[in-house]
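Single-letter residue listing:
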Amino acid sequence: MKKQFIKGKWYRGGWSKNASQDYFMKFDYKEKNGKLYYTERVHGGKYSKGRGSWWNSDFEEFALNNEVNMEDIRPFLPPNHPDLIGNKIYELW
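Residues numbered from 1 in each chain as written. Predicted model: local features only at pLDDT ≥ 70, side-chain atom pairs only at ≥ 80, totals over all residues. Heavy atoms only, no water.

**Student:** So what exactly am I meant to see when it comes to the sheet that holds strand β5 (residues 46-54) here?
**Tutor:** Strand pairing in a sheet takes place through backbone hydrogen bonds and is either antiparallel or parallel in direction. Across the sheet, which stays open at both edges, the 4 strands sit in the order β2-β3-β4-β5 with antiparallel pairing between neighbours. Strands with a single pairing partner mark the edges of an open sheet, and in this sheet they are β2 (10-12) and β5. The average undirected angle you get between the axes of adjacent strands in this sheet is 30°. Packing against the sheet, helix α1 (residues 57-65) makes contact with β2, β3 (23-30), β4 (36-43) and β5, and its axis sits at approximately 115° to β2. (Pairing = 2+ DSSP bridges. Helix = DSSP H or I, 4+ residues; strand = E, 2+ residues; numbered from the N terminus. Axes fitted to C-alpha atoms, helices over the stretch in contact; angles between N-to-C directions. Contact = heavy atoms within 4.5 Å.)

Below you can see the structure in the form of structure tokens.
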């Protein structure tokens with residue numbers, strides 16, 4: 001079975017030895033043309049909230065095959081961020 005993105009889950013868009021240099025996005029949905037949308041991201045160690053998109057087949061393959069450990073992005077999320085508290089319910093796309 002082909003891996004699928006899960007709405008509300010964080011994905012890694014790049015890899016380095018230092019997580020503060022990585023790109024992370026919180027998946028929202030995927031258009032039929034393959035364009036991916038996110039609601040939050042961490043890039044260069046900076047958190048931002050707001051809708052954006054990513055369209056890159058290499059990213060999609062990388063993201064689906066490299067799980068995000070919440071410990072990697074915890075330092076970059078604001079205090080009391082919902083992903084740092086409790087259980088999440090996800091939706092497959």
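**Student:** Explain the packing of aromatic side chains here, please?
**Tutor:** Two measures describe an aromatic ring pair: the distance that separates the ring centres and the angle between the ring planes. Following the criterion strictly, the structure yields 5 aromatic pairs and no others. Between F5 and F27 the ring centres are 4.9 Å apart and the planes differ by 20°, which places this aromatic pair in the stacked class. You can see F5 sitting in the segment before β1 (6-7) and its partner F27 sitting in strand β3, a full 22 residues away along the chain. Residue classification places F5 among the buried positions, given a relative accessible area of 3%. On the numbers, 4.7 Å between centres and 15° between planes, the contact of Y29 with Y37 is stacked. Cluster of aromatic residues (ring-pair linked, three or more members): F5, Y11 and F27. The ring centre of Y37 lies 4.5 Å from the NZ or CZ of R51, which sits over that ring. (Phe/Tyr/Trp six-rings, centres within 6.5 Å; stacked < 30°, edge-to-face > 60°. Buried < 20%, exposed > 50% of the residue type's maximum accessible area, 1.4 Å probe, protein only. Lys NZ or Arg CZ within 6 Å of the ring centre and 35° of its normal.)

**Student:** Would you mind going over the pairing of β4 with me for this structure?
**Tutor:** Residues in a regular strand point their side chains to alternate faces of the sheet. Of the strand pairs in this sheet, β3 and β4 are connected by 7 bridges, and their pairing is antiparallel. Paired with F27 across the bridge in β4 is Y38. Connecting the antiparallel pair β3 and β4 is a turn made up of 5 residues, with G34 showing a positive phi of about 100°. Inspection of the sheet shows β4 paired to β5 by 7 bridges, in the antiparallel sense. The residue of β5 that forms the bridge with Y37 is S53. If you look at the hairpin formed by β4 and β5, you'll find 2 residues sitting between the two strands, and G44 has a positive phi there, around 60°.

**Student:** What's the story with the pattern of salt bridges in this structure? I'm lost.
**Tutor:** A side chain with one charge can pair with a side chain of the opposite charge if their charged atoms come near. Taken as a whole and assessed by the stated rule, the structure comprises 6 salt bridges. For D72, the salt bridge goes to R12, with nearest N and O atoms at 2.4 Å. Of this pair, D72 sits in helix α2 (residues 70-73) while R12 sits in strand β2, placing them 60 residues apart in sequence. Since its relative accessible area comes to 23%, D72 is described here as partly exposed. Accessibility expressed as a relative area gives 2% for R12, which makes it buried. Among the salt bridges present, the one from E71 reaches R74, with a minimum N-O distance of 3.1 Å. Residue classification places E71 among the partly exposed positions, given a relative accessible area of 48%. Owing to a relative accessible area of 36%, R74 belongs among the partly exposed residues under this scheme. Where salt bridges share partners, they join K26, E40 and D83 into one cluster. (Salt bridge = Lys/Arg side-chain N within 4 Å of Asp/Glu carboxyl O.)

As far as function goes, none of this settles anything; it's purely spatial.
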